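Summary of the model geometry
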Amino acid sequence: MAQTVGDYLLARLREWGVEHVFSYPGDGINGILAAWARADNDPQYVQSRHEEMSAFEAVGYAKFTGRVGVCAATSGPGAIHLLNGLYDAKLDHVPVVAIVGQTARSAMGGSYQQEVDLMSLFKDVASDYVHMVTVPEQLPNVLDRAIRVAMTERAPTALIIPADVQELEYSPPTHEFKMVPSSTGIQWPTTVPDDAAVRQAAELLNAGKKVAMLVGQGARGARAEIEEVADLLDAGVAKALLGKDVISDDLPYVTGAIGLLGTRPSYELMQGCDTLLTVGSSFPYSQFLPDYDQARAVQIDVDGKLIGMRYPYELNLVGDAAQTLRALVPHLKRNKNRSWRKEIESNVARWWETMDKEAAVAGEPTNPMRLFTELSKRLPSNAIVTADSGSAANWYARHLRFRDDIRGSLSGTLATMGPAVPYAIGAKFGVPDRPCIAFSGDGAMQMNGLAELITIQRYWQDWSDPRLVVAVLHNNDLNQVTWEMRAMSKSPKFVESQAVPDVDYAAFAAGLGLQAITVRDPEQIGPAWDRALSADRPTVLDVHCDPKMPPIPPHATFEQMKSTAEAMAKGDEEAVGVVKTGVKTKLQELLPHRKG
Ligand SMILES: Cc1ncc(C[n+]2csc(CCOP(=O)(O)OP(=O)(O)O)c2C)c(N)n1
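Please read all numbers here as calculations on a predicted model, not as lab measurements. (Residues numbered from 1 in each chain as written. Predicted model: local features only at pLDDT ≥ 70, side-chain atom pairs only at ≥ 80, totals over all residues. Heavy atoms only, no water.)

**Things to note about the packing of helix 10 (residues 264–272) against helix 12 (residues 338–360)**
Orientation of helix 10 relative to helix 12, taken along the N-to-C sense of each, is 160 degrees, at an axis distance of 9 Å. Accordingly, the angle class assigned to the pair helix 10 and helix 12 is roughly antiparallel. Seen from above, helix 10 lies across helix 12 with right-handed handedness. Between helix 10, through Arg264, Pro265, Glu268, Leu269 and Gly272, and helix 12, the contact on the second element is made entirely by Trp340, Ile344, Asn347, Val348 and Trp351. (Axes fitted to C-alpha atoms, helices over the stretch in contact; angles between N-to-C directions. Helix = DSSP H or I, 4+ residues; strand = E, 2+ residues; numbered from the N terminus. Parallel < 35°, antiparallel > 145°, perpendicular 65-115°, else oblique. Left-handed = near helix turned anticlockwise from the far one by under 90°. Contact = heavy atoms within 4.5 Å.)

The structure is reproduced here in structure tokens:
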């Protein structure tokens, strides 16, 4: 049989080193599916329960491997389902290629079944590159560019292939007018700013007495350089959420997360500094950065399109994080003002004590923070951790101590519910030898996670390390929003929108043959983690948690506290418990700590 467009598409993906495609089938891509069968399933077709999950799996795969993620879906409904996952990629700057089918060319424009204007549908999400392949000769160019643009822009791209085109005999571009040949592969440059710019930045940083650093995901791979610069400048280092795994929380001057989900020492670091060095982060909330006239500031980012926002930086250096910091080091003078560093370190030490104390406050039946602090002690040094948007994101940001080679991510910018489980599945295909832990709210489990447990059940035996732990924060509430309503809108809990039906997550998992553990006793949280982390299969921890623990920032404004109090007074069904638990938890920040 002659090679079809579908056959060629898969061959070209193999040439690019693509090993997995996350997908759900439909007759809009039948021509590619048939080619897959002929290709002996290479690259591996990974079937999810929903195309949005396929897209999240591709995002998780890309986030944890550094490679491009690929997903595929049928025309119409399948393509539409991909969207939320692709937006997650777009907003978190992740390279993902979406391959989607379309009705046959003869039917296009005829309001045909499942015909949706896919060029328009993907125009925004794949604004960096979306094209339709209408003749075989176009394919290599469109596919190669979709991959190269995705990698270069760290963005989602899309190619649309009508169903009949997939079945055409492939013919390559010829050496003729209006033909566009193409080639695979790409070699990346190392971008470093000019020496003059580096010297200027060093001068500004050397003039500072109280230096703060903010690092984000763009600083990944620059750990040694960040540590060296922080040491020279006696700086404290705060981390944007997506950069949580960039530098170890065991370092005494690392203040942890910044922002609404952030820590008090990060807040204090930004409040007190006179100089700011931002590396690889476009953290959006400027109110958590120093006042505009408080600090002189330098930003380093590899992307000139994303630099200079968020703060009135004096210098914007476009360059690779590690290389640029390395270029800076010889020009930096050792800062002799140790008192700033001492203050940061003491704030950090106190913070971790506070976190342990807050996690030790009794919950009904368990305090969700304890779920995270108990894991922190046990995290394998090569673990991958994911979290859903919801209260889990707060505890992930504040209570988990990352060190060694631990990686972690969540939907940092779209803040969508539901990626924790599919991210972990994507990771398991990319780096199957690493244990994965996904934190999911019960709302997110009901939205996405439960169905994706079926995908885990289908594939786990192929993973060299079968440990994938899904920890469900079972609080029968859409808790994050309940708290946001209280703290920001002065509204009591609106049960109709906030309560979620009670589901036995452990029973569901057990029914699939996964290890399942129900936890209602706080003393059982530690042993449950031990069992999950030594299991020979994936585990679901169904942890009954107290919804009355406030995921409010440690530096909640007086306004937020007042709004919460007003919401309670308006008849919140959990008013008494919230006040009791909330006060007890917040008190841990204020009570004097015993000297240890
Ligand atoms: C797709 C999507 N829908 C709605 C929201 C708004 N939202 C943010 S957190 C949240 C509640 C999450 O509840 P759950 O998963 O049960 O976690 P919990 O906060 O209770 O721990 C909601 C509805 C969102 N971020 N994404």
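Still more ground to cover, so stick around.
**A word on empty space enclosed by the protein**
Enumeration over the complete set of coordinates arrives at two cavities of 30 Å³ or more. Volume-wise, the second largest cavity comes out at about 40 Å³. Its residues placed into classes, the lining of the second largest cavity shows five nonpolar, four polar and one charged. (1 Å grid on protein atoms, 1.4 Å probe; cavity = no way out; pocket = protein on both sides within 12 Å on 5 of 7 lines; lining within 4 Å. Points joined across faces, edges and corners; volume = space filled by probe spheres on them. Nonpolar A, V, L, I, M, F, W, Y, C, P; charged D, E, K, R; others polar.)

**So, the nonpolar core**
Ranked by internal contacts, the top residues of the largest apolar core, which has 54 residues, are Leu86, Phe122, Leu453, Ile456 and Val470. No other element matches helix 3 (residues 51–65), which puts eight residues into this core. Filtering out sequence-adjacent residues up to four positions away, Leu86 remains in contact with Ala55, Cys71, Val96, Ala98, Phe122, Val125 and Pro156. (Core = buried A, V, L, I, M, F, W, Y, C linked by side-chain atoms within 4.5 Å. Buried < 20%, exposed > 50% of the residue type's maximum accessible area, 1.4 Å probe, protein only.)

**Points about the sheet that holds strand 11 (residues 296–301)**
Strand order in the open sheet formed by six strands is 9-8-7-10-11-12, with parallel pairing between adjacent strands. Each edge of the sheet is formed by a strand with only one pairing partner; in this case those strands are strand 9 (254–257) and strand 12 (315–318). Across this sheet, the average inter-strand angle for adjacent strands is 15 degrees, counted without regard to direction. Relative to strand 12, strand 11 runs parallel, the two sharing four bridges. Looking at strand 12, one finds that Gln299 is bridged to Asn316. Contacts from helix 9 (residues 223–233) reach strand 7 (211–215), strand 8 (236–239) and strand 10 (275–279), with the element oriented near 165 degrees to strand 7. (Pairing = 2+ DSSP bridges.)

**Examining the site of the ligand**
By nearness alone, 15 residues border the ligand, and Ser391, Asp442, Gly443, Asp477 and Asn479 come closest of all. Between Ala415 and the ligand, the recorded distance is 2.9 Å, taken from a backbone N or O atom to a nitrogen atom. Within the backbone of Gln480, an N or O atom sits 2.9 Å from an oxygen atom of the ligand. Contact with the protein chains covers 77% of the free accessible surface of the ligand, which is 580 Å². At the level of elements, helix 16 (442–459) and helix 17 (479–489) are the ones that each hand at least two residues to the shell around the ligand. Residues belonging to the shell around the ligand are distributed by class as follows: five nonpolar, eight polar and two charged. (Near = heavy atom within 4 Å. Polar contact = N/O pair within 3.5 Å; in protein donor to acceptor, adjacent residues only side chain to side chain. Areas by Shrake-Rupley, 256 points an atom, 1.4 Å probe, with all protein chains shown as cover.)

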